[in-house]
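Results of the structural survey
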Amino acid sequence: MTAKTEEQELDLTRAYEIAEEEYGKQGPIIRVLQKVQAEYGYIPPEYLPEMAEILEVPLAKIFGALTFYSQFYTSPRGKYIVKVCVGTACHVQGAKDILDRMKDELKVGAGETTEDMMFTLEPVACIGSCGLAPLCLINTETAANMTPAGMAGKIQAIVEKESAGVAEE
Amino acid sequence: MAEEKKGGTAVMDAPAAKSGGLSVMPKRYVPWPEGNEKPQIWIGMGTCGTAAGASALEEEIQAWLKEHGMEADIHPVGCVGMCHNEPLVDVQVKGRPRVSYKKVSSKNLAQILKEHLQDGSASKRAAFGQLINPDEKQEPYDGIPNFHEEPFFKNQVKIVMQRCGVIDYHSIDDYLATGGYDGLKKAVTMSSDEIIEEIKKSGLRGRGGAGFPTWMKWKFARDAEGDAKYMVCNADEGDPGAFMDRAVLEGDPHSLLEGMIIGAFAVGAQYGYIYCRAEYPLAIRILNQALDQAREKGFLGENILGTGFSYDIIIKEGAGAYVCGEEMALLNSIMGERGMPMIKPPFPATRGVWGKPTNINNVETFANIAEIVVNGGDWYAGWGSETTKGTKTFALTGKVKRPGLVEVPTGTTIRELVEDIGGGMTLKKVGFKAAQFGGPSGGCLPGEFMETGIDYESLNSGGAIMGSGGVVVLDEYNCMVDTARFFMEFTVDESCGKCTPCRDGTALMLQILERITHGEGRLEDIEKLEQISGFTKANSLCGLGQVAPNPVLTTLRYFRDEVVEHIVDKKCRAHSCDELIEYVVLEDKCTTCGLCKPPCPTDALEWEKKQTAFINHETCIRCKACVMACPFMAIK
Ligand SMILES: Cc1cc2nc3c(=O)[nH]c(=O)nc-3n(C[C@H](O)[C@H](O)[C@H](O)COP(=O)(O)O)c2cc1C
């Protein structure tokens, strides 16, 4: 477990390679951003000017696409992404209460990450399993028919597991 | 409160015809694998099955088999639509029907496997149906209903979903064994005109929402001039509360591919894209595998089925933007840009991806095509209402007992959907209030529409739209103002901002709705909402803004009382708007048990032994802790 790493210069070599691989292909912007994010977990803003140069497209265009889509992130995210589905079916079954409880529990707002980089809270539109509403996701693990207390319990369990892990080191 | 909403004034025409005539629904059975003696087990492993715990089940089944020295073939299947009974497991032994078990968990799994695989019977308690394949000699089990007679399935007609949950989603052989690619094999012997004519006869209309006749779109694309053409599938399925496309993508990916290939053949397209939302990672994995399989078997790629016709498909993954479901925005997104809509014309049929003629259809539209080609347009038109032929899948969710994916002939009434298939309301004592059709661009229809046959026209005349087919059932605990506010919030988030009417109109409406739900509304707000709605509808650039006011308008039309009540009486009858709730203890229901007292964080709840509890409104923070704690629903 790395508790807190020192601020260090991010190695962007792989990101540059990705842009070079896509250079000259049709409509590369979204694809490059998706690949870079898959590699780094987010898109480092300092990468964008270089990306524009490699792809020979205006920086404004890249920035335009980046800010348009909700699934691109420009800062690092937590180890656990807590997604609370706020789609229609989940909404009418009380998703708001779950989201509010999560905000209290994690002491962050929607879309924010806890200071220890452990949790990111993310309300999401429909995950497409509405029959099991309300629904939450912790990373890729789905929690069906959730309640505020049920989710709080899951968060607590993770916190305990993580602090036990730190203690062991 | 719950006044009877049956009867009432019928605002629309009588239910439309929906009988199948002489048309027969295709029932699909996976044939027993030749020369195989091992039991076959199918686990519902779509996104929803997995969410309900199916992956753990697979391990437990493996462990059980090992422990008992047995072997079996285990297959993942997509979603049959029975969300309320997940996780589902099917078991079949040679010479007997395939039996479907519901709500399988580590508690009852061992019992099911023992009875089925060791005792040679079927576990009646957990089984809900058996699939008796008429083509094979199978000895049925006593006391287990026929799968197709199960109440949830009995009133459904499955064309699009016929293989979902039945065939192994990794297996092209299962698809081929259940009539797969017969449509393509027939189509390549037909002329483009003949194919388009069959689609025309079928009356198929786009299932993506707008309901545009599919044959006409194909004809435009075919007649457009261009050295290259594109056949694109819209698998963005952005409407919250809709997941029918996901079921097809995961459960029967080849039916989509087959429809696209037939379409490409008919319009003369060489290239294709499937634009799939990133929230569906499993669907994308399954689709990629299906593409490889189709190429390997010669259904896709160069020289398809030896005809000289070539067509190939690439998957484009979305990046989270609802408006990308709109076709022009989708094209921009495919080209790697911001997904912004554009002024039409030019339409995609003349200038689409990379400036070439492009045809875009929805997943469900494509999934109908092969069946229409095989059985003929008249067969398909045998189902449905006067104006909308065939079937439509609906994602039935909200406050019904049996939520799930259902496929019914158009013209089926809301009552049949909610009561016969959905099993009625979740809570016996809390009545039906409205059915919300079409997601953020749709509207809420109240009880007086119960007997209305559902099709594009009837929903439109009621102020809702079919949209992609999401149906959310609301009960007396759901506030209509809050529901309108919820959808408007979604639209404000998702408006791309390109045109002012949509960007500002929706934001203004949201402001007003928020004000009303906070108890700060003014009477003139109602008129203002109507004004802004009209303006936004008339002047927005794309469908997003043109239909965004629908939820507000239907709320004002059918639930005006409730809106006025929020404004004038500062009251929310559904007890949903936090600022407007005053919880009270119902004296006739309170048993004086005192269970409500300990959870109250502010001591606003006063209770003494043998006395009815009382809530002090000065200190109550409306946290609902007492409501949750009361076993007698005595606090409202
Ligand atoms: C805001 C907006 C969102 C849309 N979202 C979708 C969608 O998620 N899936 C879809 O198939 N069609 C969607 N559509 C409709 C498409 O623009 C288009 O009409 C459809 O894909 C055409 O296919 P069809 O003729 O088979 O229905 C949307 C339209 C608008 C205006």
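Residues numbered from 1 in each chain as written. Chains lettered and ligands numbered in written order. Predicted model: local features only at pLDDT ≥ 70, side-chain atom pairs only at ≥ 80, totals over all residues. Heavy atoms only, no water.

1. Let's talk about the site of the ligand
All names here are of chain B.
- The immediate surroundings of the ligand are formed by 18 residues, with Gly208, Lys217, Asn361, Asn362 and Thr365 found nearest.
- Here glutamate 327 contributes a backbone N or O atom positioned 3.1 Å from an oxygen atom of the ligand.
- Contact between the ligand and asparagine 362: an oxygen atom at 2.7 Å from a side-chain N or O atom of the residue.
- If the ligand stood free it would expose 610 Å²; the protein chains cover 89% of that surface. (Near = heavy atom within 4 Å. Polar contact = N/O pair within 3.5 Å; in protein donor to acceptor, adjacent residues only side chain to side chain. Areas by Shrake-Rupley, 256 points an atom, 1.4 Å probe, with all protein chains shown as cover.)

2. Here we look at the pattern of salt bridges
- All told, the structure shown has 43 salt bridges over all chains when counted by the stated rule.
- With a closest N to O distance of 3.1 Å, B:Arg295 and B:Asp292 form a salt bridge. Taken together, the positions of B:Arg295 and B:Asp292, both in helix 11 (residues 281–296) and three residues apart, correspond to about one turn of that helix.
- By relative accessible area, B:Asp292 is classed as partly exposed at 47%.
- Residues joined in a network through salt bridges with shared partners are A:Arg14, A:Glu17, A:Glu21 and A:Glu39. (Salt bridge = Lys/Arg side-chain N within 4 Å of Asp/Glu carboxyl O. Helix = DSSP H or I, 4+ residues; strand = E, 2+ residues; numbered from the N terminus. Buried < 20%, exposed > 50% of the residue type's maximum accessible area, 1.4 Å probe, protein only.)

3. What about the interface of chain B and chain A?
- Each side of the interface is counted separately: chain B has 48 residues, and chain A has 34 residues.
- Between A:Lys96 and B:Asp578 there is a salt bridge, and its shortest N-O distance comes to 3.5 Å.
- Breaking the side of chain B that touches chain A down by element, the ones donating at least two residues are helix 1 (47–51), strand 7 (271–276), strand 8 (312–317), strand 10 (391–398), strand 14 (470–475) and helix 17 (480–494) of chain B.
- The element that contributes the greatest number of residues to the side of chain B that touches chain A is helix 17 of chain B, accounting for five residues.
- Along the lines of polarity and charge, the residues of the side of chain B that touches chain A split into 25 nonpolar, 10 polar and 13 charged. (Contact = heavy atoms within 4.5 Å. Nonpolar A, V, L, I, M, F, W, Y, C, P; charged D, E, K, R; others polar.)

4. So, unusual backbone geometry
- A cis amide bond links A:Ala133 with the next residue in sequence, A:Pro134, at an omega value of -10°.
- Checked against the element boundaries, A:Pro134 lands in the loop between strand 2 (119–124) and strand 3 (136–138).
- Residue B:Pro87 is reached from B:Glu86 by a cis peptide bond, and omega for that bond is -5°.
- Among the secondary structure elements, B:Pro87 is positioned in the loop between strand 2 (73–77) and strand 3 (89–92).
- Positive phi outside glycine occurs at B:Glu237, with the angle close to 25°.
- For B:Glu237, the position within the fold is in the loop between strand 6 (230–235) and helix 9 (244–251).
- Of note in the backbone geometry, B:Lys570 takes a positive phi value of approximately 50° without being a glycine.
- Looking at where B:Lys570 falls in the secondary structure, it is placed in the loop between helix 22 (560–569) and strand 15 (605–606).

5. As for the domain arrangement of chain A
- Domain assignment breaks chain A into domain 1 (8–68) and domain 2 (80–168).
- Domain 1 of chain A and domain 2 of chain A are separated by 30 Å when their C-alpha centres are compared. (Domains from an automatic or database assignment.)

6. Description of the packing of aromatic side chains
- The tally for this structure, following the rule as stated, stands at 18 aromatic pairs over all chains.
- A ring pair is formed by A:Tyr69 and A:Phe72, whose centres lie 6.0 Å apart and whose planes are at 85°; its orientation type is edge-to-face. No difference in accessibility class separates A:Tyr69 from A:Phe72, as the two residues are buried.
- Note on B:Trp379 and B:Trp383: the rings are 5.4 Å apart at their centroids and 90° apart in plane angle, and the pair reads as edge-to-face.
- Residue class for B:Trp379 comes out buried when judged on its relative accessible area of 11%.
- Using a relative accessible area of 3% as the deciding quantity, one classes B:Trp383 as buried.
- Here a set of aromatic residues connected by ring pairs shows up, and it is made of B:Phe128, B:Phe147, B:Phe152 and B:Phe153.
- Over the face of the ring belonging to A:Tyr73 we find A:Arg77, whose NZ or CZ atom lies 3.6 Å from the ring centre.
- Above the face of the B:Tyr280 ring, B:Arg277 is positioned so that its terminal group lies 4.9 Å from the ring centre. (Phe/Tyr/Trp six-rings, centres within 6.5 Å; stacked < 30°, edge-to-face > 60°. Lys NZ or Arg CZ within 6 Å of the ring centre and 35° of its normal.)

7. Structural notes on the packing of helix 17 of chain B against helix 18 (residues 500–517) of chain B
Residues and elements named next belong to chain B.
- Following both chains from N to C, one finds helix 17 and helix 18 inclined at 150°, their axes separated by 9 Å at the closest point. Classified by the angle between their axes, helix 17 and helix 18 sit roughly antiparallel to one another. In this structure, the crossing between helix 17 and helix 18 has a hand that is left-handed. Residue-level inspection shows Val481, Asp482, Ala484, Arg485, Met488, Glu489, Thr491 and Val492 of helix 17 in contact with helix 18, the latter providing Thr506, Ala507, Met509, Leu510, Leu513, Glu514, Ile516 and Thr517.
- Classifying every residue of the contact of helix 17 with helix 18 by side-chain character gives nine nonpolar, three polar and four charged. (Axes fitted to C-alpha atoms, helices over the stretch in contact; angles between N-to-C directions. Parallel < 35°, antiparallel > 145°, perpendicular 65-115°, else oblique. Left-handed = near helix turned anticlockwise from the far one by under 90°.)

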